[in-house]
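# Residue-level structural notes
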Amino acid sequence: MRALITGINGFVGRYLAEYLLAKNIEVYGTYFGDMNEDELSEVNLLRMDISNQYEVDKVIKKIQPNYVFHLAAQSSASISWKEPKKTIEVNVNGTLNLLESIRQLDNKCRILLIGSSEEYGFVNLEDIPVNEEQSLKPGNPYAVSKIAQSMIGQVYARAYNMDVIIVKAFNHIGPKQSPTFVVSDFSKRIAEIEKGKIPPVLKVGNLEAERDFTDVRDIVRAYYEIILKGKKGEVYNVGSGNSYKIQEILDTLLSLAKINIKVEKDPNRMRPSDIPIIRCDHSKVIDITEWKPEYKIEKTLSDVLNYWRQTV
Ligand code: GDD
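Residues numbered from 1 in each chain as written. Predicted model: local features only at pLDDT ≥ 70, side-chain atom pairs only at ≥ 80, totals over all residues. Heavy atoms only, no water.

### Remarks on the domain arrangement of the protein
Domain assignment breaks the protein into domain 1 (2-173 + 213-238) and domain 2 (182-211 + 243-277 + 295-311). On a C-alpha basis, the centroid separation for the pair domain 1 and domain 2 is 27 Å. Each partner contributes to the interface: domain 1 provides 15 residues, whereas domain 2 provides 18 residues. In this assembly, domain 1 and domain 2 are joined by one salt bridge. A salt bridge links Arg217 to Asp303; the nearest nitrogen and oxygen atoms lie 2.9 Å apart. At the junction of domain 1 with domain 2, the criterion picks out four residue pairs in polar contact (both at pLDDT 80 or more). Every element with two or more residues in the side of domain 1 that touches domain 2 is listed here: helix H3 (77-82) and helix H7 (216-229). Of the residues assigned to the side of domain 1 that touches domain 2, the class counts are seven nonpolar, four polar and four charged. (Domains from an automatic or database assignment. Contact = heavy atoms within 4.5 Å. Salt bridge = Lys/Arg side-chain N within 4 Å of Asp/Glu carboxyl O. Polar contact = N/O pair within 3.5 Å; in protein donor to acceptor, adjacent residues only side chain to side chain. Helix = DSSP H or I, 4+ residues; strand = E, 2+ residues; numbered from the N terminus. Nonpolar A, V, L, I, M, F, W, Y, C, P; charged D, E, K, R; others polar.)

Written out as structure tokens, the structure reads:
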């Protein structure tokens, strides 16, 4: 089995690479931007800009993968408000570049496209937890880009008989995630406060939002199971099935902090729109695989905080 991970230098890419390597799979990975090549020494690394068709063609022709995990993306809903065009360019045209390259291949290749729970967006309360049949009511440019990605994937599966599977991943967290995302963001600043690097005030955004958080180490197991056992053209939700208000996440992190920290609302951290609640119905993936989430939220939160304590 020859697996290619696009965006291997991202948060999930590194964990997925380690998971596949432990299964003795030959792993290739593309990166763009910063990458310490010593970090994943057993992976065959290639630099590739997913927005550049020529570069994508070259990599796909060279590797001829059997499995592709497409992780390369602009993955932040928050950043998509500041960079909507770049988000669409990378997430939609990038996926099209990949699908077009793979379409030219002779060998059989299975592709896992990673979409987002943000695609469901403003779901009615009576439809929580959301299943894959839910209609899509996106709340930000990132969500729109992922809807376009998922739909083009399904169109290519139907029209060209390509072996494309779509995941809609709910929030995932863990050590080494970028501090753009809420758990890493809070944890990094708590660690900096503990070390006296910044004043003991934690500025926060919307604490009322409720999200389904899954440990990244559970997420990569699900991706592997789905690429092996999923059905062509189908969509699979991946999430823990439990949701927490951001306030609860904050309270848990603060209870782990070594000193008292004052919390302050910061209007600059509020988004133009933020979906109020999302929780995953994962029964479809549970039905076709052996997967179930194993990490408890408390363990993940404390791992993330400890990671930042060692890092800042
Ligand atoms: N980052 C951040 N910083 N978020 C905050 C803060 C803060 O200080 N205060 C409150 N929040 C709230 C956000 O408003 C949002 O409701 C929630 O915390 C989670 O924000 P993020 O961690 O930035 O993630 P996201 O939900 O926008 O997107 C993540 O999940 C998606 C799946 O639902 C990303 O991982 C996406 O790639 C993923 O598709």
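### Section: the sheet that holds strand E5 (residues 110-116)
A sheet is described by the order of its strands in space; here seven strands give the open sequence E3-E2-E1-E4-E5-E6-E11, paired in parallel fashion. Where the open sheet ends on each side, the last strands, each with one partner, are strand E3 (44-47) and strand E11 (235-238). Put simply, the sheet's adjacent strands are angled 20° from each other on average, direction ignored. Sheet analysis places strand E6 (residues 163-169) next to E11, joined by four bridges and oriented parallel. (Pairing = 2+ DSSP bridges. Axes fitted to C-alpha atoms, helices over the stretch in contact; angles between N-to-C directions.)

### Some words on the site of the ligand
Of all residues adjacent to the ligand, which total 23 residues, the nearest are Ser75, Ser116, Ser117, Tyr142 and Arg271. The separation between an oxygen atom of the ligand and a polar side-chain atom of Asn171 is 2.8 Å. Asp274 places a side-chain nitrogen or oxygen 2.7 Å from an oxygen atom of the ligand. For the ligand, the protein covers 95% of the area, taking 720 Å² as the surface of the free molecule. With four residues, the single largest contributor to the shell around the ligand is helix H6 (residues 182-194). Considering only residue class, the shell around the ligand consists of nine nonpolar, seven polar and seven charged. Domain assignment of the residues forming the shell around the ligand places at least three in each of domain 1 (2-173 + 213-238) and domain 2 (182-211 + 243-277 + 295-311). (Near = heavy atom within 4 Å. Areas by Shrake-Rupley, 256 points an atom, 1.4 Å probe, with all protein chains shown as cover.)

### Observations concerning the environment of Ile286
Here Ile286 lies in helix H9 (residues 283-288). Classification of Ile286 as partly exposed rests on a relative accessible area of 31%. Expressed as a C-alpha distance, the spacing of Ile286 and Ala222, which sit 64 residues apart in the sequence, is 9.4 Å. Excluding its chain neighbours within four sequence positions, the residues that come into contact with Ile286 are Trp291 and Lys292. (Buried < 20%, exposed > 50% of the residue type's maximum accessible area, 1.4 Å probe, protein only.)

### Some points on the packing of helix H4 (residues 84-103) against helix H5 (residues 141-160)
Axis separation between H4 and H5 bottoms out at 8 Å; the angle between their running directions is 15°. It follows that H4 is roughly parallel to H5 by the angle criterion. Handedness of the H4/H5 crossing: right-handed. For the pair H4 and H5, contact is made by Pro84, Thr87, Ile88, Asn91, Val92, Thr95, Leu96, Leu99, Glu100 and Arg103 and by Pro141, Tyr142, Ser145, Lys146, Ala148, Gln149, Ile152, Gly153, Tyr156 and Tyr160, respectively. (Parallel < 35°, antiparallel > 145°, perpendicular 65-115°, else oblique. Left-handed = near helix turned anticlockwise from the far one by under 90°.)

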